[in-house]
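So you can see what is in the structure, the chains are spelled out below.
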Amino acid sequence: MSEEELRVIKAEEVAEHNTASDLWIVYNGRVYDVSPYIDEHPGGEEVVVDVAGTDATEAFEDIGHSDDAHEILKGLLIGKVEGGVVKDAKTASAVAEEGGLSMPLIGAIIFALAAGAYFFLNQ
Ligand code: HEM
């Protein structure tokens, strides 16, 4: 299903589906009907019911769900939230990885500056 074909759903409509048997969540701007999966969720029913009808992006990311979990989500897609920003989780994690990589770089720059100062002062 392409982005254009996705049904646009209002946040208020998502909020109405907030029980274990009728459970929608928003993840990265897309709307998912988690009701058929809730019984099988390895993390239990309660944690998902807690975020039912809301944007669960942060809660879902915090757990560090596997690629398998993301695959399951794809099968539960029903639309995109009105005015929401649809983005791919892959993009978000790629940005996070870039951020992680810059730390050693900063360390290397500090080390180079310190080494430079050491040699300069010992001339
Ligand atoms: C909405 C769709 C969701 C799907 C399809 C899903 C899928 C999964 C899957 C497949 C696992 C097994 C481990 C893994 O593969 O990562 C898992 C574990 C878990 N999930 Fe979810 N999850 C969803 C939502 C959530 C939410 C919203 C929360 C919390 C607010 C949550 C909390 C957890 C926890 C705590 C575990 C770890 C269970 C354990 O290892 O004991 N999940 N989930």
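So, how was this worked out
- Residues take numbers from 1 onward in each chain, read along the sequence in its written order.
- The model is predicted, so local features are restricted to residues of pLDDT at least 70 and side-chain atom pairs to those at 80 or more, both for listing and for counting; the totals for chains, interfaces and linings are taken over all residues.
- Values shown for side chains rest on all heavy atoms present in the structure; no hydrogens or waters enter the calculation.
- DSSP calls a pair of strands paired once it identifies at least 2 bridges connecting them.
- Every helix listed is a DSSP run of H or I at least four residues long, and every strand listed is a run of E at least two residues long, numbered separately from the N terminus.
- Distances decide who is a donor: an N, O or S atom must be within 2.8 Å of the metal, or within 3.2 Å for Na, K and Ca. Water is not included, so sites may look incomplete.
- A site with four donors is called tetrahedral when every donor-metal-donor angle falls between 85 and 135 degrees; four donors are called square planar, and six octahedral, when opposite donors sit more than 155 degrees apart and all other angles fall between 65 and 115; any other arrangement is irregular.
- Here's how the labels work: a residue is buried when its accessible area is under 20% of the maximum for its type, exposed when over 50%, partly exposed in between, all with a 1.4 Å probe on protein chains only.
- Every case where a carboxyl oxygen of Asp or Glu lies within 4 Å of a side-chain nitrogen of Lys or Arg is listed as a salt bridge.
- Throughout, the term near means that a residue has one or more heavy atoms lying within 4 Å of the molecule or strand in question.
- Residues adjacent in sequence count toward polar contacts only when both atoms are side-chain atoms; beyond that, a polar contact is any pair of N or O atoms within 3.5 Å, and within protein one must be able to donate a hydrogen and the other to accept it.

Asker: Tell me about the sheet that holds strand β4 (residues 30-33), and please be specific about residues and values.
Answerer: If you trace the 5 strands from one edge of the open sheet to the other, you get β1-β5-β4-β3-β2, paired in mixed fashion. Since the sheet does not close on itself, it has two edges, and those belong to β1 (7-9) and β2 (18-19), each with one partner.

Asker: A description of the coordination of the iron atom of the ligand should follow, citing residues and the corresponding values.
Answerer: The protein atoms donating to the iron atom of the ligand are His41 (NE2) and His65 (NE2), with metal-donor distances spanning 1.9 to 2.0 Å. Each of the 6 donor atoms around the iron atom of the ligand contributes to a set of angles spanning 87 to 179°, which defines the coordination as octahedral. Here His41 is found in the loop between β4 and α2 (45-50), whereas its partner His65 is found in the loop between α3 (57-63) and α4 (67-74), with 24 residues between them in sequence. Overall, the relative accessible area of 23% leaves His65 in the partly exposed class.

Asker: Which residues make up the pattern of salt bridges, and what values do they have?
Answerer: Tallying each qualifying case throughout the model produces 3 salt bridges. Residue Lys10 pairs with Glu82 through a salt bridge whose shortest N-O separation is 3.9 Å. Of this pair, Lys10 sits in the loop between β1 and α1 (11-16) while Glu82 sits in the loop between β5 (77-81) and α5 (89-121), placing them 72 residues apart in sequence. Judged by its relative accessible area of 43%, Lys10 falls in the partly exposed class.

Asker: Run through the pairing of β5, naming residues and quoting values.
Answerer: A regular strand carries its side chains on alternate faces of the sheet. Across 3 bridges, the pairing between β1 and β5 is parallel. Paired with Arg7 across the bridge in β5 is Gly79. Bridge count between β4 and β5: 3 bridges; the pairing is antiparallel. Looking at the pairing, Val31 lines up with Gly79 of β5.

Asker: Outline the site of the ligand, listing residues and values.
Answerer: Contacts to the ligand come from 17 residues, most closely from Ile25, His41, Pro42, His65 and Ser66. Within the side chain of Ser66, a nitrogen or oxygen atom sits 2.4 Å from an oxygen atom of the ligand. For the shell around the ligand, the elements supplying multiple residues, two or more each, are α2, α3 and α4.

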